[in-house]
Each structure stands twice: as structure tokens, then as C-alpha cells.
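So you can see what is in the structure, the chains are spelled out below.
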Amino acid sequence: MAAAAAGATPTTARKALLSTTSTLLSSSLARSRRSLSCSAASATAPRISQQPPDLLRWVQREGGFVHPALRVADHPEYGLGVSATAADGVIPPGAVLIDFPGRIPLRLRRPTDAADAVLMQLADKVPEELWAMRLGLRLLQERTKSDSFWWPYIANLPETFTVPIFFPGEDIKNLQYAPLLHQINKRCRFLLGFEKEVTQKLGNVPSGDHPFCGQDVHSSSLGWAMSAASSRAFRLHGEIPMLLPLVDMCNHSFSPNARIVQVGDVDSPDMSVKVVAETQIDQNAAVTLNYGCYPNDFYLLDYGFVVTSNPYDHVELSYDGNLLDAASMAAGVSSPNFSTPAKWQQDILSQLNLHGEGSVLKVSLGGSDIVDGRLLAALRVLLAADPETVGKHDLKTLMSLSSNAPLGPTVEASALRTVLALCAIALQHFHTKIMEDEAILKGEPPLTTELAVQFRLQKKLMLVDVMQNLSRRIKMLPAEKSTV
């Protein structure tokens, strides 16, 4: 791990977390339990079992359906996943690809015995935002059982994950992006603290009530479980996260050829989960699902990959009057007053939740909106001199980049030039240049270095795209009409 507990440095925290990865458990485990040992991320990502059971056959044996064209195979573009490698022809839209009953998904359940009750008590200690750890505890519980119903599924899970909490310390630094570093540190601090809570709780539990068959649970195994859940779980109708065997081996695409359908309520005995072809699926094509429209921060932190040319990627920054003053001056905008807005401007900023108690100051550059709507509206309002002109427009108009210069070309040009300067400032926070990153990637670095460099490179390329987009918009603005 790369983050530190309170009072520790990132280096010492990582050592504390990974020092147990090779010595979690003795090799002389009782037959009634399985090992929780795990290791740091690697390119090969071996399975939990060296010879795992056939996952497709298991789903079919347990009452599920798998389209005869589907196999789990390596795909040249997507890597290991579900593909139509056995298809004689195309799979038509609407065809059912996978269908299985409600007993196959793995999720937190109501306690059925003392061990389950202890597990739920541990899960209740996990904050809601780290829901993957709650589900991960359930996964760990099943991993330790020699007779687990889900063992054929668990045996096929990766032994390692390429999420940043398992990056070497140097590759954490290589990310060069403070918001993501904050999230990594937050997760690692949680894991180190939660390990102590788990150890304390389990130390007072009778052996027969131990949810992990008497095994010690360390921060590395907790990290593995949380990573497995965050990278593979789905939230369907009931918003209850579930691990869906085989379905979670369908790779991601923003233009997917399949979708998940839940039939029945999550607690219904008749509940089932289907994967249905959304478009025609050609022979040898990977079966893909849309994991969601998110920035690369989310994909790397939870899934361990980076989407190139991600249309939803963005850079976060904090709305700060002094920063905006500096940006506007750098852009050549006269009389910047972002740090001292007038009363009428403060009122609008409050409506945008950018001023006053409880305001949310996180804004962004990039993504589908190009410029955060609240940031754009604030710039337009603060650069305007006439409250009556501003009052003619609602917030939705002021927040829209597609609005045709609602406060006039001069205000619009000044606002967009200020955003251009903010992009330039954001680029300066990265310690390397685009050409340097591209050269590193051409050298075929280790996987975690590649992910870190690709992550920061995509942020920079996105900022350049935003700057080019805004520059075109400025050039297209009409000249301000004279009032004389």
C-alpha cells in the first residue's frame, strides 16, 4: 500500500501493509479452510487456484444458461474475458447470452448463524462509501471454506489486482494527481485501521463462531477482498452490490454490445440475472458491458485500468477566488474581481453553491460538459458589470457552454480565456511533459508504471483537448456591437 496511517509516512505504511503478503498463513492449514494469502499486483495475474474449475460448466450445472458461442478467452484488445469465440456466425441483438438464478450471485446476507452475525458486525464498521469492503468480507468468508458453494467462482478470481493501493511507492508518485492520491491514502489508512478492528473483534470470538474459519485477516487480504468487490460487483435494481460469476468477466466499453437485466426483486426467490445482446455480436468479438460513465480516477482506483480518450475524464480543482484572479490576469482579462464579488454576485454564487456556509467548492475541467457548469456560470457572472443583464437569464442558461454568449461576446471571451488559463495552471501541476510520458510508455515499463503514466498522460491530453475546444469557441465569437 502507498498510504499511511496517522503518524506514519507513506513508505512505512506501505511496508506495514505488504509485509504480511507472503506470510499471511502457514502452509499447514486445516482441510476445513482455504488460504487467504495474496501478493502485490503483477502483469500475469494468476488465478486463486492454479487449475480452477470450468466456470461456464459450473453456472450451467447450477441451473444457469450460457450461450453455446461463449467462452472465457484472451481477446487481443480486451484481454481475458467472455468472448464469442465458439460462434458459427453472428449472435443477433436480443439473444440471451447468460442467464442464472438468484442463488448464484454472491452478496451480503442476513445472518444465519453466529459466524454470519460476527461478519455483519464487522461490515457495520465499514463506512458506506467503502461498500466494496463490506461485500469483500463476505467474499473472504467464502474463500476460507473448503465446501463453499462459490468456490468454482472464487478459484477463478485473480490472485492480484492492479489497483493503486497495491502500486509500488514510486508509481504512486508517478500518478502526479492530488485528488487520486488523496483517495488512495484514504483507502490505505482505512485498511490499516480496519485490520486492527478486525483483529480485536476476532480475538474474542469462539473458534466455532469465527467467520473466517479461525484464520487471521490482515490488511493485505482485506485489500484483496475490497479490490475484488470494487472491480467486479454490480448494483442492479435494489442497489445492493452483488458479485455475478461469469458476468463479471465481460469487459468494459462505452459502446457495449450487451447489457444486464435483473428479473424480479433482489430478495425474491424467483430473481434471476441475464446478459442480453444489445447489438449484433460477431464471431470472436468480446462481450462488453458499460461499467458506467466515469473519469479515469474511478476506473483506476476501483478497476485497475485506464480508458484512453475517455470522454468522461476530467481534472478536479477547487473554486478559489484568488486562483481565479491569478488565472484571469494571466489570460489578460482586465479588472478581475473574483476574490471580492459584489453582493448581487455573491447571491448568485450562493445559488450555485459556491459561496457561503456549506458550499461545495469542487469543480472540474473536461468531461462531457467541457467546463463545469457551476464554474462557467460563476465566471460569466463575476465578469459581468450589469446585474439586470445577468438577471434576464436563468442558472441553466448561465451554466451551459452551448448557450450562445448569454452575457455578450466580451464577457464570454473573458470567461473562456480564464478557463484556458486554469487549464494551463492545471497542466503545470504535472511534473512531466506529454512527450516524456509517451517516451516512457514506448519503453514498455512495468505494468503499474504503465498504468500510472497512462493515467497522467490522459489527464494532460484531455486538458489540451479542452483548450483547443475553447480556443475555437473564442475565435467564433462575434464582435461586440457598439452602443454608441
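Residues numbered from 1 in each chain as written. Predicted model: local features only at pLDDT ≥ 70, side-chain atom pairs only at ≥ 80, totals over all residues. Heavy atoms only, no water.

Trainee: Honestly, the pattern of salt bridges in this entry has me stumped. Any pointers?
Mentor: Opposite charge on two side chains permits them to pair, given that their charged atoms come into close proximity. Under the counting rule described, the total for this entry stands at 18 salt bridges. Here Arg57 and Asp54 are joined by a salt bridge, their closest N and O atoms 3.9 Å apart. Judged by its relative accessible area of 40%, Asp54 falls in the partly exposed class. Close ionic contact of Glu278 with Arg259 constitutes a salt bridge, the shortest N to O distance being 2.7 Å. You can see Glu278 sitting in the loop between strand E9 (272-277) and strand E10 (288-289) and its partner Arg259 sitting in strand E8 (residues 258-263), a full 19 residues away along the chain. The class of Arg259 is partly exposed, set by a relative accessible area of 39%. Via salt bridges that share partners, Glu128, Arg134 and Arg235 belong to a single interconnected network. (Salt bridge = Lys/Arg side-chain N within 4 Å of Asp/Glu carboxyl O. Buried < 20%, exposed > 50% of the residue type's maximum accessible area, 1.4 Å probe, protein only. Helix = DSSP H or I, 4+ residues; strand = E, 2+ residues; numbered from the N terminus.)

Trainee: When you look at the sheet that holds E8 in this model, what are you seeing that I'm missing?
Mentor: Either a parallel or an antiparallel arrangement is found when strands of a sheet pair, and the pairing is made through backbone hydrogen bonds. Overall, antiparallel pairing links the 4 strands, which are arranged E1-E4-E9-E8 in an open sheet. Edge positions in the open sheet fall to strand E1 (65-66) and E8, since each of these has one partner strand only. As paired elements, E1 and strand E4 (residues 96-101) share 2 bridges and run antiparallel to each other. Note on E4: the bridge partner recorded for Phe65 is Asp99. (Pairing = 2+ DSSP bridges.)

Trainee: I tried to follow the packing of aromatic side chains on my own but got confused; where do I start?
Mentor: Two measures describe an aromatic ring pair: the distance that separates the ring centres and the angle between the ring planes. Tallied over the entire structure, the rule returns 17 aromatic pairs. Consider the rings of Phe149 and Trp150, whose centres lie 5.1 Å apart with planes at 90°: the pair is edge-to-face. Relative to Tyr303, the ring of Tyr299 lies with its centre 5.9 Å away and its plane at 50°, an arrangement referred to as tilted. Of the two residues, Tyr299 and Tyr303 both sit in helix H9 (residues 296-303), 4 residues apart, roughly one turn of that helix. When its relative accessible area of 16% is taken as the criterion, Tyr303 is described as buried. What links up through ring pairs into an aromatic cluster is the set Phe254, Tyr291, Tyr294, Phe298, Tyr299, Tyr303, Phe305 and Tyr312. Between Arg143 and the ring centre of Trp224, over which it is positioned, the NZ or CZ distance is 4.4 Å. In this structure, Arg235 packs its charged tip against the face of Trp131, placed 4.6 Å from the ring centre. (Phe/Tyr/Trp six-rings, centres within 6.5 Å; stacked < 30°, edge-to-face > 60°. Lys NZ or Arg CZ within 6 Å of the ring centre and 35° of its normal.)

Trainee: Sorry, what's going on with the nonpolar core here?
Mentor: General note: in soluble globular proteins, nonpolar side chains tend to be found buried as a group. Of all hydrophobic cores here, the largest spans 134 residues; its most connected members are Leu97 and Met133. A total of 9 residues in this core trace back to one element, the largest contributor, which is helix H15 (residues 409-428). With residues up to four places along the chain from it excluded, the contact list for Met133 reads Val126, Phe190, Leu191, Phe194, Leu222, Ala225 and Met226. (Core = buried A, V, L, I, M, F, W, Y, C linked by side-chain atoms within 4.5 Å. Contact = heavy atoms within 4.5 Å.)

Trainee: Is there a simple way to explain helix H3 (residues 114-123) in this structure?
Mentor: Residues separated by three or four positions in an α-helix point in the same direction, a consequence of the helix having 3.6 residues per turn. Among all positions of H3, only Ala115, Asp116, Val118, Leu119, Leu122 and Ala123 are buried. Viewed along the axis of H3, the buried residues span an arc of 160°, placing them on a single side of the element. Residues of H3 that are buried in the fold lie against helix H4 (131-144) and helix H7 (178-202). (Arc of directions from axis to C-beta.)

Trainee: Explanation requested: H9 in the structure shown.
Mentor: Among the 8 residues of H9, 7 are classified as buried, and the element is accordingly described as predominantly covered. All of the buried residues in H9 are Asn296, Asp297, Tyr299, Leu300, Leu301, Asp302 and Tyr303. Where the residues of H9 are buried, they touch helix H6 (169-175), H7, helix H8 (219-232), strand E7 (251-252), strand E11 (314-318) and helix H17 (447-476). Gly304 sits one or two residues past H9 and shows a positive phi near 85°.

Trainee: How should unusual backbone geometry be read in this particular structure?
Mentor: Where the residue is not glycine, phi is negative for most of them; where a peptide bond is considered, it is trans in most cases. In the Ramachandran plot, Leu246 falls in the positive-phi region, its phi being about 75° despite a non-glycine side chain. Classification of Leu246 as buried rests on a relative accessible area of 2%.

Trainee: Would you mind showing me how to read the pairing of strand E3 (residues 79-83) here?
Mentor: Within a regular strand, the side chains alternate between the two sheet faces. Of the strand pairs in this sheet, strand E2 (residues 71-75) and E3 are connected by 5 bridges, and their pairing is antiparallel. Bridged to Ala73 within E3 is Gly81. The antiparallel hairpin formed by E2 and E3 contains 3 residues in its connecting segment.

Trainee: Quick question: what am I supposed to make of the pairing of strand E12 (residues 362-366) here?
Mentor: A large share of E12 lies buried, amounting to 4 of its 5 residues. The pairing of E11 with E12 spans 5 bridges and is classified as antiparallel. Across the sheet, the residue bridging to Ser318 is Lys362, located in E12.

Trainee: What exactly am I supposed to notice about the environment of Ala426 here?
Mentor: Within the fold, Ala426 resides in helix H15. When the C-alpha positions of Ala426 and Val315 are compared, they lie 7.9 Å apart, and in sequence the two are 111 residues distant. Excluding anything up to four places from it in sequence, Ala426 contacts Val315 and Leu463.

Trainee: When you look at the packing of H7 against H8 in this model, what are you seeing that I'm missing?
Mentor: The geometry of a pair of packed helices is captured by two quantities: the angle between their axes and the separation between those axes. Where H7 meets H8, the closest approach of the two axes is 9 Å, and the angle between their N-to-C directions is 125°. Compared by their axis directions, H7 and H8 come out oblique. When the axes of H7 and H8 are compared, the crossing they make is right-handed. Contacts between H7 and H8 pair Arg187, Leu191, Leu192, Phe194 and Glu195 from the former with Ser219, Leu222, Gly223 and Met226 from the latter. Classifying every residue of the contact of H7 with H8 gives 5 nonpolar, 2 polar and 2 charged. (Axes fitted to C-alpha atoms, helices over the stretch in contact; angles between N-to-C directions. Parallel < 35°, antiparallel > 145°, perpendicular 65-115°, else oblique. Left-handed = near helix turned anticlockwise from the far one by under 90°. Nonpolar A, V, L, I, M, F, W, Y, C, P; charged D, E, K, R; others polar.)

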